[in-house]
Amino acid sequence: MSGAGISTDSGIPDFRGPNGLWTRTPGAERMSSITEYRRDPDLRARVWQARSVHPGWTAVPNAAHRALGELEATGRLVAILTQNIDGLHQRAGSRRVIELHGTMFDTECLSCPDTRPMREVLDRVAAGEADPPCLACGGILKSATVSFGQPLNRKVLDEARKAAESADLMLAVGSSLTVQPAAGLVGLAARAGATVVICNASPTPYDGLAATVIREPIGKALPELLTPTKAEPTA
Ligand code: NAD
């Protein structure tokens, strides 16, 4: 299970870490609320501007993303359940990625099933549309991500639950584990018998469940943890 903290080394700030967007800018949470987004066109215009300059457009995977990609190549990874929207796991070579909170690279309409590449809609923003409406129905567009107040996709969550229940080990990395139902997947894995390992700089509500809690920086800890040493027999 990964969260925003795995991508901070790639230059994408998290929400709640010491340099997090919400830690530095009180009130920024409003931008992630579906109720506020539906209600306030000025806020939508600000969010479109933020999407245009999101660091995810230029970020590249870091050593931790790459270590997880290499783990998959050894056949020992059930799946990466990610809360991230930045696509960096896939760009590091991971294929079994379950995006619990969607992707920043597509848009969806709040009124009809229309989806488009985000780039296409950002071109309209650059051309002067402050809050571009859906071309199919005129509805409100947003990124294809899960805002606070929106349910997770049922099929995606079911798939994530199956993966959590089938794992021998649940490694939760770079997440404050405060956003439900994603964080609850750690508890689910533990109840199904998995050993829990948490790698996160600050405490999480699930630390008590964990066999091991690692406070080292993720970019250093994950490659060390996941790269087989010469002494370790290969599978
Ligand atoms: P969070 O901001 O709540 O928690 C991130 C945690 O990572 C913090 O506890 C912080 O201490 C830790 N951390 C940050 N950098 C670290 C490092 N280098 N080494 C060790 N620990 C580090 O993030 P969350 O739990 O993922 O939940 C927030 C929501 O924000 C998620 O739903 C996610 O969709 C969204 N989000 C995603 C991105 C992204 O896609 N990269 C970025 C910001 C927010």
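Residues numbered from 1 in each chain as written. Predicted model: local features only at pLDDT ≥ 70, side-chain atom pairs only at ≥ 80, totals over all residues. Heavy atoms only, no water.

A.B. asks: Quick rundown of the sheet that holds strand E6 (residues 169-173)? Include the residues and the values.
C.D. replies: Spatially, three strands are ordered E6-E7-E8 in an open sheet, and the strand pairing comes out parallel. What marks the edges here is a single partner per strand, and that holds for E6 and strand E8 (212-214). Each adjacent strand pair in this sheet contributes to an overall mean axis angle of 15 degrees, direction not counted. Bridge analysis of E6 against strand E7 (residues 195-199) gives five bridges, and the strand direction is parallel. (Pairing = 2+ DSSP bridges. Helix = DSSP H or I, 4+ residues; strand = E, 2+ residues; numbered from the N terminus. Axes fitted to C-alpha atoms, helices over the stretch in contact; angles between N-to-C directions.)

A.B. asks: Give me the site of the ligand: which residues, what numbers.
C.D. replies: What surrounds the ligand is a group of 26 residues, the closest being Arg16, Gln83, His101, Ser176 and Ser202. One of the side-chain nitrogen or oxygen atoms of Arg16 is found 2.6 Å away from an oxygen atom of the ligand. Ser175 places a side-chain nitrogen or oxygen 2.7 Å from an oxygen atom of the ligand. For the shell around the ligand, the per-class residue count stands at ten nonpolar, 13 polar and three charged. (Near = heavy atom within 4 Å. Polar contact = N/O pair within 3.5 Å; in protein donor to acceptor, adjacent residues only side chain to side chain. Nonpolar A, V, L, I, M, F, W, Y, C, P; charged D, E, K, R; others polar.)

A.B. asks: Which residues make up the packing of aromatic side chains, and what are the values?
C.D. replies: The final tally for this structure, using the stated rule, is three aromatic pairs. With a centroid separation of 5.2 Å and 80 degrees between ring planes, the pair formed by Trp57 and Phe105 is classed as edge-to-face. Taken as a pair, Trp57 in the loop between helix H3 (41-52) and helix H4 (63-73) and Phe105 in strand E3 (residues 102-109) lie far apart in primary sequence, 48 residues in all. An aromatic cluster is present here, built from Phe15, Trp22 and Phe148 joined pairwise through their rings. (Phe/Tyr/Trp six-rings, centres within 6.5 Å; stacked < 30°, edge-to-face > 60°.)

A.B. asks: So what's going on with the nonpolar core? Which residues, and what values?
C.D. replies: Core analysis: the biggest nonpolar cluster contains 23 residues, and Met1, Leu81, Leu100, Met170, Leu177, Leu185 and Val186 have the highest contact counts within it. Elements that contribute at least two residues to this core include exactly helix H7 (154-166), E6, helix H8 (184-191) and E7. Apart from the residues lying within four places of it in its own chain, the contact partners of Leu100 are Met1, Leu81, Thr82, Gln83, Val146, Leu152, Val156, Leu157, Ala160, Ala182 and Leu185. Counting 16 residues, the second-largest nonpolar core is a separate cluster that includes Leu68, Leu71, Cys199 and Ile218. (Core = buried A, V, L, I, M, F, W, Y, C linked by side-chain atoms within 4.5 Å. Buried < 20%, exposed > 50% of the residue type's maximum accessible area, 1.4 Å probe, protein only. Contact = heavy atoms within 4.5 Å.)

A.B. asks: An account of the sheet that holds E3 is needed here, citing residue identities and associated values.
C.D. replies: The antiparallel open sheet is built from three strands, whose spatial order is E4-E3-E5. Here the strands that pair on one side only, and so sit at the sheet edges, are strand E4 (115-117) and strand E5 (141-145). Along the sheet, successive strands turn relative to each other by an average axial angle of 40 degrees, direction set aside. As judged from the five bridges shared by E3 and E5, these two strands associate in the antiparallel manner. The residue bridging Glu108 from the neighbouring strand is Lys142, located in E5. Its contacts with the sheet place helix H6 (residues 118-126) against E3, E4 and E5, and it is angled at close to 80 degrees to E4.

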